[in-house]
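An overview of the molecular structure
Each chain, written out:
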Amino acid sequence: MSFITDDQNPLAQLVELKSSLALKDDTADNHDLLVELRINPDEIEEDRIGTISVEILEATLSVDFSGLKVAPKTRHGQGETGGKTRKELQRETIISTTSETDKKKSADASVGASATGPEGKAGIGGSSSKHYAETAMHRQSESVTEDFYPVRALSDDRWKVTMQDGGPLNDAFLDNDRLCEVSEVREANRKGAMTSLVAKQKHVKITLERKASVIAVPFSRNQQALMNIVIAKSLHERSGSSEYSGHLVFSQSTISDEG
Amino acid sequence: MKDSPFLSNALSEAALAGIEALAAAPQATFQEQAKLAGLVPAKDFRHADLRNIDLTDSDLHGFDFSGADLRGITGIRVRWDQTTIFDGADLSGSIFASKIRLRTFFNMDQQANNLLASVAGQSWSAQIIWAAENLRPTGKFHELALPITEALFYRARNDEFLQAELMRYLAPRISSREALYDMLTAAISDDPRAAVVIRSVFSILRQHQMTRNAQIRQQALALVKSRNPANQEEAVRFLMRNLPTREEIAAIRTAAEGGDGFLESMYVAEISRLLGQVYELVTRDPVSNATLSMKTVLSSSELKLIARRWLRAKSSRYEKDVNLPLVQRKGSDHYYSADEIEKKAVKVQVLWSNLKRVGIEIDVATDVDANVSIIET
């Protein structure tokens, strides 16, 4: 069976998404879903209002399969099942003992004579102190090492795309890499996969460098927040997908069988 | 071949028109601005980043904020109900946090809900007694007393005395700083008719050393737009007497310029207080002792009266005056020459000139009676 691909990247300067199905050598029914995904911040020059900077902080790669299902243990960005993590434990034990003995003794005596008669004064004094200290310290630190996947597998045929430093997405995340392996569902009439790159509005950072001739005063926080939604909604509408409801579809790549 | 490697003019005509409409309405409420921007309340606010916005005077019926980031939202007189959707929204530090937390609690606990209905139906005095008894560790309903008293507090919106009393019992028993903060934020947001509640809120904030909390200050700033002058007064005092930022002073100034005379005088009084007692003296009417408004033109006679008042207050020998600020002193009845008064008047004008930088413009009219001697008065 052969497949045709339709890639829709209306904002290709921000997000580029391509997909294809490649037949596995060893079996006639299994394919690799290969994906190209590049995301980077960019600017949109708007003649009327100014320059808009767009940065995506977090996105979801979502795949809708028809007549295909994901083969077990083939998802990209999925660690070993069972939650295996590496723990490093550092232990430090300090035991210190201090013993101090300080003895002080004093004695004095004096004898004097005066016109009124002899005067005598004698005294003897002594003191001693003993100091004993013991310290025991136990320090323990633990570090857990976890692998970071910029494209991490989630449930429901989704992958979360993030940067390790939490900053704006700016990388070639997949370059014709296998997202997963799929097998054909025999009874299905149509076979295909639609891959979408989606981001919630709150994960898209928008900054407007305004044209002072049109927007004379800097926007308040309210105006800025509303402007961001307006821009997000408009960018979403370029993808031609469903009506805007808080998330933007940046790109879509559809694979369908020719027959 | 590519037309251009760069992205340009990607926004729709409707979006551009929406942004231009937004730019033209900086003073409109959030709800009005959203409408101008062409946004649909039932859909467009899902998953939105709305952190730290001000919702003052907005009607949020039918808004869907599912999954939105609403942290730190402030505002007064915000209208919302069951049709306002907050599913999965982050409400931390917002005016909604406390009430939504309670709503969720009572939706899940029928026993608590029944008990609340029963207590809320009682007289105000019975409610106070119930709260006092059950907030104690030995109270019969101690485990439910905190959420029920908090719910009673919000329900008593039209009974400020009951609210203030319930707050008095509640505040010391809320162990989490965040929960206390959320309750106080919500209380300010209700913009009560009597200032007693707001006064209690600011007092609790001071007791808990929460006066520097940015969100609380933002909420106090929203209260400056209250329709209740007593609440305005409390808010302006709270902000100006707890290390105001330049932005806060500017915001209060803008509100004062666009408000009535009361807020103007409050602004002048608090700015003068910040600058010191000499400024307090030169911004008072020399006869009535009332604080002058932001734009005042005085006669040269009044200028001289202020100058003489300053001289007299400074040289006062009354025992009771010693520890009083200049404006409260009775002042000496010493005679000052025209020359001494003229010299002091020049100093008064220097202080007035300094006040221009903070938007307070007190000037002297070039009147025909300029030569009237103050000494004769």
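Residues numbered from 1 in each chain as written. Chains lettered and ligands numbered in written order. Predicted model: local features only at pLDDT ≥ 70, side-chain atom pairs only at ≥ 80, totals over all residues.

1. Structural notes on the sheet that holds strand E4 (residues 42–46) of chain A
In spatial order, the strands read E14(A)-E5(A)-E4(A)-E1(B); together these 4 strands make up an open sheet with mixed pairing. Two strands in the sheet have a free side with no partner beyond their single neighbour: strand E14 (204–210) of chain A together with strand E1 (7–8) of chain B. Relative to E14(A), strand E5 (residues 50–56) of chain A is paired through 7 bridges, and the arrangement is antiparallel. Bridging from a neighbouring strand, A:Ser53 pairs with A:Thr207 of E14(A). Across the face of the sheet, helix H1 (residues 221–238) of chain A comes into contact with E5 and E14 of chain A while running at roughly 110 degrees to E14(A). (Pairing = 2+ DSSP bridges. Helix = DSSP H or I, 4+ residues; strand = E, 2+ residues; numbered from the N terminus. Contact = placed C-beta atoms within 7 Å. Axes fitted to C-alpha atoms, helices over the stretch in contact; angles between N-to-C directions.)

2. Focus on the confidence of the model for chain A
All names here are of chain A. A residue-level look at chain A finds 81% of positions with pLDDT of 70 or above and a mean pLDDT of 84. At the level of individual helices and strands, chain A shows its lowest average pLDDT in strand E8 (residues 86–114), which scores 56, and its highest in strand E11 (residues 158–161), which scores 98. With pLDDT under 50 throughout, residues 102–127 is counted as low confidence; its partners more than four residues away or in other chains account for 20 contacts. (pLDDT = per-residue confidence, 0-100.)

3. Some thoughts on the interface of chain B and chain A
Between chain B and chain A, the contact holds 33 residues from the first and 36 residues from the second. With 7 residues, the top contributor of residues to the side of chain B that touches chain A is helix H1 (residues 13–23) of chain B. Of the residues in the side of chain B that touches chain A, the class split is 18 nonpolar, 8 polar and 7 charged. The pairing of E4(A) with E1(B) spans 2 bridges and is parallel. Each residue of the ladder has a partner; that of A:Glu45, found in E1(B), is B:Ser8. (Nonpolar A, V, L, I, M, F, W, Y, C, P; charged D, E, K, R; others polar.)

4. Side note on the packing of helix H11 (residues 229–240) of chain B against helix H13 (residues 261–275) of chain B
Residue and element names in this part refer to chain B. Axis separation between H11 and H13 bottoms out at 10 Å; the angle between their running directions is 20 degrees. Judged on the interaxial angle alone, H13 and H11 are roughly parallel. Between H11 and H13 lies a crossing whose hand is right-handed. Where H11 abuts H13, its residues Pro-229, Gln-232, Glu-233, Val-236, Arg-237 and Met-240 lie against Phe-262, Leu-263, Met-266, Glu-270 and Leu-274. (Parallel < 35°, antiparallel > 145°, perpendicular 65-115°, else oblique. Left-handed = near helix turned anticlockwise from the far one by under 90°.)

5. What to know about the sheet that holds E11(A)
Residue and element names in this part refer to chain A. Taken in spatial order, the 6 strands make up an open sheet running E1-E15-E13-E6-E11-E10, and their pairing is antiparallel. Two strands in the sheet have a free side with no partner beyond their single neighbour: strand E1 (3–8) and strand E10 (151–154). In this sheet, adjacent strand axes meet at a mean angle of 20 degrees when their direction is disregarded. Note that strand E6 (residues 59–66) and E11 share 4 bridges and pair antiparallel. Pairing of Ala-59 across the sheet is with Val-161, part of E11.

6. Regarding helix H10 (residues 214–223) of chain B
Buried residues dominate H10(B), accounting for 9 of its 10 residues. Residues of H10(B) that are buried in the fold lie against helix H8 (177–189), helix H9 (195–207), H11 and helix H12 (246–258) of chain B. (Buried ≥ 20, exposed ≤ 12 C-beta atoms within 10 Å, placed from the backbone.)

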